[in-house]
Each structure stands twice: as C-alpha cells, then as structure tokens.
Amino acid sequence: MIAVMTPAPALAAGSVGSVETRYLDLPKPLRLDCGRELHPIRVAYETYGTLSPRRDNVILVCHALSGDAHAAGFSKAPPEESTRDGFGAEDRDGTAGKGLGWWDGMIGPGKAFDTGRFFVVSTNLLGGCRGTTGPSSTDPATGRPYGSDFPVITVADMVRAERAFLDELDIERLAAVAGGSLGGMQAFEWAILFPGQVDAVVSIASTHALHPQGVAWNAIARDSIMRDPAWQGGHYYGTGRKPDGGMGVARMVGHVTYLSAPAMSDRFGRRLQFADDIRYTITEPEFEVESYLRHQAGSFVKRFDANTYLYTSRALTYFDLARQYGGGSLARALGGVAARTLLIAFSSDWLYPPAASAEIEQALRTMGKPVEFHVIEAPYGHDCFLLEESRQTPIIRRFLGADHGADG
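About the criteria used
Residues numbered from 1 in each chain as written. Predicted model: local features only at pLDDT ≥ 70, side-chain atom pairs only at ≥ 80, totals over all residues. Heavy atoms only, no water. Pairing = 2+ DSSP bridges. Helix = DSSP H or I, 4+ residues; strand = E, 2+ residues; numbered from the N terminus. Axes fitted to C-alpha atoms, helices over the stretch in contact; angles between N-to-C directions. Contact = heavy atoms within 4.5 Å. Patch = residues over 30% accessible without salt bridge, like charges linked within 9 Å, V, L, I, M, F, W, Y side chains within 5 Å. Areas by Shrake-Rupley, 256 points an atom, 1.4 Å probe, with all protein chains shown as cover. Salt bridge = Lys/Arg side-chain N within 4 Å of Asp/Glu carboxyl O. Buried < 20%, exposed > 50% of the residue type's maximum accessible area, 1.4 Å probe, protein only. Core = buried A, V, L, I, M, F, W, Y, C linked by side-chain atoms within 4.5 Å.

A.B. asks: In this structure, what is going on with the sheet that holds strand β11 (residues 176-180)? I would like to understand it.
C.D. replies: Strand order in the open sheet formed by eight strands is β2-β5-β10-β6-β11-β12-β13-β14, with mixed pairing between adjacent strands. Each of the sheet's edge strands pairs with one partner strand only, and the pair in question is β2 (22-26) and β14 (371-376). Within this sheet the neighbouring strands show an average axis-to-axis angle of 20 degrees, counted without direction. Running at roughly 100 degrees to β2, helix α2 (residues 155-168) makes contact with β2, β5 (41-48), β6 (58-62) and β10 (119-123) of the sheet. Where helix α3 (residues 182-193) meets the sheet, it contacts β6, β11, β12 (200-204) and β13 (340-346), and its direction lies at approximately 150 degrees from that of β11.

Given below as structure tokens:
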C-alpha cells in the first residue's frame, strides 16, 4: 500500500524560507522557431541562495508542464490552489502545501540543489500563465489578451527566453541546468544551443522525444479543451466563460498518464466513494478513483490557463532532438554537448520510460561524452520525480560535488 505521509512542519529543516516571485521585462524582441518575433516579454522568477563573486555557482531549475517560478520555500502570497503536483501531494504536504514551492524537497541548504553552495534560479517558462508572457498576456497590437493569436512556441524558444533573461542578470555561465519531464527537455536544449555555457545537465524522468503514445495522450488532452464550446476559438478571456470542462478532462487524462497501474490499484482499488453498494448513476462518481480525478480537475482549472496548456503541450510534442539537430541521428544531435550529464529515470514511468534515458546515455557514450545513468525502482510512475526526492538527492549531490571537490 502507498503510505499516507504526515503533514509538513511549518518550516522544515533546510528550507530557503519565505520567498517572493519577481518579474523582469526583456529589452529586445525574441525570434521564435515559427518565424515570428515576440515582444514585449515579461519573465517571472525566483532565486535562492547567494550568487558567488565570480558568478559561477548558478543552477537553473526548469519546471514541467504545470509548474511555475515558485520552486522552493514558502510563498509570501500562497495561491488558492497548490502547484505541488504529484500523487498524494495533499497527504504529504497537509495545509502547508499551498505555499510550498513545487520542488521544495530538492532545493535548499543541504538538499540536492544545495543553496549553501549554489545560487538557484527558477523561471516560469515562455507561454506560461504564472507571470511569464503567454496567451493570457496583452497583445500590444490589439490591447486584448493574445488568446490563440499567441505564436506557437517550442522548447528551444523557452530556452532562448531563459538565456535572454539570464543576460539581464549578467549571468553568462551555468554550473548546471536541471529539471524533470519538460524541465529535462529544456536542460538538453540548453546543452545543445549553448554548449560553452553549461557545465552540467541534470535530466530527470525526461526524454529526447516523446514516444507516440505520449503524443497521442497529449492530442486527446488538447482536443478536449478545443472541443469545449467555452474555448471560443481561444478567445475566452473577458467573456465570463472558460473551457473548464475540457480543461478538467485534459487534466484527468494527464494525471492518469503520470501514474502507474500498480500505484492506482494500491491507492484506490475498486473501492466505492460514497456508499456501501453501487447507486446506478452515470453522472456521479461511484469509485474513489473517479472522485479523485474530478477533484484534481477542479483544483487545476482554478490555477492554470487552458491556452497555456495547449501551447505547452504542443511544444512537448514538437520536441525531438534527433530531428531538430541530428538529421535523424540522436548521437549527431548530442555531438556538440560539452556538459557532463546525469540521467535519472524511474522503473514504473511508462510516459517517459527508462528506455528513453538509456538511448540518450548510449548516444552520449557513442560521442565520447561523460554521462551517468540511474534507474530508481519506484512504483508511482512519472510522478516519481516529484515524490522520490530523498532517493534522488544523494545521486545529485554526488554528481554536482564532482565539480567542486566536495565529498557529496
């Protein structure tokens, strides 16, 4: 059975404490892969730790599809709904969870990304809805929200926006770029686009290209939003109607793909939610798992924009390193990477399976690149990268310690 975790204390040991999201406007237009230029661009960000005098201890942490800039510590303005995704997050976090950063267990003094040594930066990605310019932002050409007029973006575009942002902070080089899922994809784009500026890559539960099944599930999620009449062709802002129904279904689909069958069986089984026997209803949830998914959907639509989901999901499906940079060869795509690479995968993750990380490892070794690959046996599926923090921490600390002579 999956154990119910105790609520977090008010301020856990190793916390970065209370933090506030800040904002920076990029001074120049950004040229996108689709051929358009985007300007203005505002970037939401947070920082943790102290920047060294040589400005050489920076780790950029990149978030997954539904994350934001608040990666660690306690938000000074807790949101209505927590960004702490992951199976059983509410059981784990208790009432403290709504203010906690989405990767709080990994960032802080003595943690995987040790703020006693590193200056950790986290931004909300381009196209986001949590402070960085995205479809809900104002289009300067019309004075109204972009909606579906926002340009189609790629993971590479997200990384170029991050590079432009770091330029404004006068940060040229990164000790590491790290992230899980979509965050890991961004880390690889960094290593390829800016090979002389990244010392290390930490890619967790990620891939070089989403497998066809993942592409299919993302297509279903996007269609569920666009087929909702309240989507209104993407221009629903200010109309009093949002595609919450379609967005809720998209979240349900996504959430199921993040879990494993054994984890769902252990947590829910076929237990009924409200009665000792079935009630013969098609409109109301009968089983605990149905009620759980409805709860996840209801929480998600309160904090996330449907258009951002569409654009970010599409960027995920476009991501394909071999196609983009190698003429179909993953080894050629990674040939210019100068960074050391750490790959972590989870045995039960079928959405971003260990086989994908193994293919990256083999391609890097073929090109003579330094790489480590670890598979962690864990039952929670893709969500493991958010839940198995204690098992990832020693691996990451040892890996990052190698550059600094630390013993990890």
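Once the structure has been displayed, the description carries forward.
A.B. asks: Help me understand a nonpolar patch on the surface in this model?
C.D. replies: Judged by side-chain polarity, W217, I220 and W350 come together as a nonpolar surface patch covering roughly 270 Å² of accessible area. Its place among the elements puts W217 in helix α4 (residues 212-226). The class for W217 is partly exposed, based on a relative accessible area of 32%.

A.B. asks: What's the story with the nonpolar core in this structure? I'm lost.
C.D. replies: Inside soluble globular proteins, nonpolar side chains tend to come together where they are buried. With 72 residues, the main nonpolar core has L126, F165, L166, W190, Y309 and L334 as its most contacted residues. Sorting elements by how many residues they give to this core places α3 first, with seven residues. Apart from residues lying up to four places away in sequence, L166 is in contact with L60, V121, I171, L174 and W190. The next biggest cluster of nonpolar side chains, apart from the first, holds 37 residues, and it includes A71, A112, V202 and L342.

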